[in-house]
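Overview (structure and organization)
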Amino acid sequence: AAAPGAASPPSGVTAAPDSPELADAARDPARAKALLAKGDARLAEGKLADARQAYLAALGADARSAAALGGLADVAYERSDWTRAVLLAKRAVALAPRAVAYRMALARAFYKLMRYDDAIAQWKKVLEIEPGHPAAKKNIALARELTGR
């Protein structure tokens, strides 16, 4: 029941506009998946602007799509916008903390920004998720060689 003096919601609205119920109703995972496939194909072709648009549309279809954020991080990385790649990859990791691909993307972007300790930390987390991951092991050794640690 509404608190005394509180306005009641408009007819037909049963939840607050920012409630999880409405957010779930607005999700369209099937559309997001199709747009992700389009983004992945455009990224593989080197069509970064088209890939970015597809990933943004996928995010519009599903605001909680870690894959769309990961795709946008990959586009930013390919454009040498490593700061944006870090921000987007961090969001993807927050949504899917055990997804190795997003942690690898985050580590690569940190590395390009010469944030070697942050990159190493992400590669170590990759090894916790997937022990023996060859690229993570190799990259940790390379970063340590650069830093002398």
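**Digging into the environment of Thr147**
Here Thr147 is to be found in helix 8 (residues 134-147). Between the C-alpha atoms of Thr147 and Met114, which are 33 residues apart in sequence, the distance is 9.8 Å. For Thr147, the side chain forms a polar contact with the main-chain oxygen of Arg144, separated by 3.3 Å.

**Things to note about the side chain of Gln122**
Position of Gln122 relative to the elements: it lies in helix 7 (residues 116-129). Beyond its immediate sequence surroundings of up to four residues, Gln122 is in contact with Arg103, Leu106, Ala107 and Phe110.

**Quick notes on unusual backbone geometry**
Although it is not a glycine, Ser80 sits at a positive phi angle of roughly 65 degrees. If you trace the backbone, Ser80 turns up in the loop between helix 4 (66-78) and helix 5 (82-95). Unlike most non-glycine residues, Met114 shows phi in positive territory, near 60 degrees. By the element assignment, Met114 lies in the loop between helix 6 (100-112) and helix 7.

**Let's talk about the packing of aromatic side chains**
All chains considered together, the criterion is met by two aromatic pairs. Residues Tyr111 and Tyr116 carry aromatic rings whose centres are separated by 5.2 Å and whose planes lie at 65 degrees to one another, so their mutual orientation is edge-to-face. Relative accessible area serves as the criterion here: at 19%, Tyr116 is assigned to the buried category. Ring geometry for Tyr111 against Trp123: centres 6.0 Å apart, planes inclined by 55 degrees, an arrangement best described as tilted. Of this pair, Tyr111 sits in helix 6 while Trp123 sits in helix 7, and the two are 12 residues apart along the sequence. Using a relative accessible area of 2% as the deciding quantity, one classes Trp123 as buried. Ring-pair connections join several aromatic residues into one group, and the members of that group are Tyr111, Tyr116 and Trp123. Positioned over the ring face of Tyr77 is Arg108, at 5.5 Å from the centre of the ring.

**Comments concerning the pattern of salt bridges**
One pass over the full model with this rule turns up six salt bridges. Glu45 is paired through a salt bridge with Lys47; the nearest N and O atoms lie 3.6 Å apart. The partner of Arg84 in a salt bridge is Asp81, with the nearest N and O atoms 3.8 Å apart. Arg84 gets classed as partly exposed once you look at its relative accessible area, which sits at 47%.

**Details of helix 2 (residues 29-44)**
An α-helical turn contains 3.6 residues, so any two residues separated by three or four positions project in the same direction. Here helix 2 spans 22 Å end to end across 16 residues, near enough to the 22 Å set by a 1.5 Å rise per residue. Taken together, the buried positions of helix 2 are occupied by Ala32, Leu35, Leu36 and Gly39. Here the buried residues of helix 2 occupy an arc of 110 degrees about the axis, which is enough to place them on one side. Pointing more than 90 degrees away from the buried face of helix 2 are the exposed residues Ala30, Lys33, Ala34 and Ala44. Buried residues along helix 2 sit in contact with helix 3 (48-61) and helix 4.

So, how was this worked out
Position numbers for residues count from 1 along each chain, tracking the sequence in the order it is written. This being a predicted model, a pLDDT of at least 70 is required before a residue's local features are given, and a value of 80 or more before pairs of side-chain atoms are given or counted; all residues contribute to the totals for chains, interfaces and linings. The side-chain quantities take in all heavy atoms of the structure and omit both hydrogens and water. Each helix is a run of H or I in the DSSP string that is no shorter than four residues. Each strand is a run of E no shorter than two, and both are numbered from the N terminus. Counted as a polar contact is a pair of N or O atoms within 3.5 Å, where, for protein atoms, one must be capable of donating a hydrogen and the other of accepting one, and residues adjacent in sequence contribute only when both atoms are in side chains. Residue contacts are counted whenever heavy atoms from the two residues lie within 4.5 Å of one another. A pair of aromatic rings is counted whenever rings of Phe, Tyr or Trp (Trp by its six-membered ring) have centres within 6.5 Å, and the orientation is called stacked for planes under 30 degrees apart, edge-to-face for over 60 and tilted otherwise. Each residue is assigned to one of three classes by its accessible area relative to the maximum for its type, calculated with a 1.4 Å probe on protein chains only: buried under 20%, partly exposed between the two thresholds, exposed over 50%. Only Lys NZ and Arg CZ are tested; either one counts as a charge over a ring when it is within 6 Å of the ring centre and within 35 degrees of the ring normal. Any Lys or Arg side-chain nitrogen located within 4 Å of an Asp or Glu carboxyl oxygen qualifies as a salt bridge. The span you would expect from a helix comes to 1.5 Å times its residue count less one. For this quantity, the arc is that covered by the directions from the helix axis to the C-beta atoms.

Such coordinate-based values are descriptive only and should not be taken to indicate function.
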